[in-house]
Amino acid sequence: MPRSPFPGMDPYLESPDIWPDVHSSLMYIFREQLIPLLAPNYIAELQTQIVIDRVWENPPAAAKGAVPDVTVTQKPKRLHETVVIAAPPAPIELRVPIDMSVEIASIHIRQREKDRVVAVIELLSPVNKRPGTGRQEYLEKRAAFLQTGVHFIEIDLLRKWPRMPFDSEPPASDYLAMARNAYEGTKCLVWPIGVRQSLPTLPVPLLRPDPDVPLDMGAALRTAYERARYDLRIDYTQPPDPPLSPENAEWAASLLATASH
């Protein structure tokens, strides 16, 4: 099966056209990984939330440079030539906001006997990160989990938009993962991840004295890429969206050139 040419997160998977499918695929595969490790005392459930996302529709390409639809022709009484006055083009272009319902899945790990939520895994989407109502709602949900005795895993595989807040600024990185063990209070483990790095394996805490179970992000992403055949949807001859930094773009171009041979 074809594999991504990137050693870790493939930046082309961040494209708005592909990311919703990537998000769903990863969450299903995360659960597949965890279920045999959690049995028989715990279960992993996919919880789907409907979020209203505001999408800004770009003007159609055909509208750019269009010929005005209306012309005004005046025939003066004493002139034999026709004077044509063209309506001026619009001075600005704007985008139309469209509200769309988006399904976002998270994973809830429950103690089987008492049906108690033990841990929650969140994979961020644009609606969570963009400034606005969606981000605020996510921050409120995040705060509620952090204030309870629930372990919390947060994975950010999107380079665009501001990171989720911590008490101090984490090191600059392309991606970020966080694991908070509720037994440790407000302390959490943070993995800054570069586009050139492999994705880490995260510890998912359970109830004491049960040991953590591993969440292999790299294996999950490879599986998602192969199953969905993202290679058939990605044009690696074009820059990713959002673009990489100049240094990483040069590295990616070299990587892709090698992979194509």
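Reading the values: rules and limits
- Residues numbered from 1 in each chain as written.
- Predicted model: local features only at pLDDT ≥ 70, side-chain atom pairs only at ≥ 80, totals over all residues.
- Heavy atoms only, no water.
- Phe/Tyr/Trp six-rings, centres within 6.5 Å; stacked < 30°, edge-to-face > 60°.
- Helix = DSSP H or I, 4+ residues; strand = E, 2+ residues; numbered from the N terminus.
- Lys NZ or Arg CZ within 6 Å of the ring centre and 35° of its normal.
- 1 Å grid on protein atoms, 1.4 Å probe; cavity = no way out; pocket = protein on both sides within 12 Å on 5 of 7 lines; lining within 4 Å.
- Points joined across faces, edges and corners; volume = space filled by probe spheres on them.
- Buried < 20%, exposed > 50% of the residue type's maximum accessible area, 1.4 Å probe, protein only.
- Pairing = 2+ DSSP bridges.
- Core = buried A, V, L, I, M, F, W, Y, C linked by side-chain atoms within 4.5 Å.
- Contact = heavy atoms within 4.5 Å.

(A) Geometry of the packing of aromatic side chains. In total, this model carries six aromatic pairs according to the counting rule given. Ring geometry for tyrosine 12 versus tyrosine 236: centroids 4.7 Å apart, planes at 70 degrees, classification edge-to-face. With tyrosine 12 in the segment before helix 1 (19–38) and tyrosine 236 in the loop between helix 4 (217–228) and helix 5 (246–259), the pair connects residues that are 224 residues apart, well separated along the chain. Through a chain of ring-to-ring contacts, the aromatic side chains of Phe6, Tyr12, Tyr236 and Trp251 assemble into a single cluster. Lying across the ring of phenylalanine 166, arginine 142 places its NZ or CZ 5.3 Å from the centre. In this structure, arginine 208 is placed above the aromatic ring of tyrosine 183, and the distance from its NZ or CZ to the ring centre is 4.1 Å.

(B) Representation of the layout of surface pockets in the model. In this structure, the second largest pocket encloses a volume near 340 Å³. As for the second largest pocket, its lining consists of 17 residues, of which Pro165, Phe166, Asp167, Thr186 and Cys188 are closest to the centre. Contributions of two or more residues to the lining of the second largest pocket are made by helix 3 (133–146) and strand 7 (175–180). Considering every element that reaches the lining of the second largest pocket, the biggest residue donor is helix 3, with three residues.

(C) Local environment of the pairing of strand 9 (residues 201–204). Burial along strand 9 is one-sided: the residues Leu202 and Val204 are buried and none of Thr201 and Pro203 is. Both strand 9 and strand 10 (residues 213–216) contribute to a ladder of four bridges, which runs antiparallel. Opposite proline 203, over in strand 10, you have proline 214 as the bridge partner.

(D) Expanded view of the nonpolar core. Judged by nonpolar contacts, the single largest core of 49 residues is most densely connected at Leu13, Leu26, Phe30, Ile109, Ile121, Ile155 and Leu157. Ranked by the residues each element gives to this core, the list is headed by helix 1, at eight residues. If we skip the residues at most four places from it in the chain, isoleucine 155 touches Phe30, Ile121, Glu122, Leu123, Leu124, Leu176, Ala177, Leu202, Leu215 and Met217. By size, the runner-up hydrophobic cluster in this structure holds eight residues, among which are Leu124, Phe145, Val150 and Met164.

(E) Expanded view of the environment of valine 195. Along the chain, the position of valine 195 falls in the loop between strand 8 (189–193) and strand 9. As for valine 195 and arginine 159, which are separated by 36 residues in sequence, their C-alpha atoms are 9.5 Å apart. Apart from the residues lying within four places of it in its own chain, the contact partners of valine 195 are Pro7, Met9, Pro11, Asp174, Tyr175, Leu244, Asn248 and Trp251.

Honestly, that's just the spatial picture; any functional story needs more than this.
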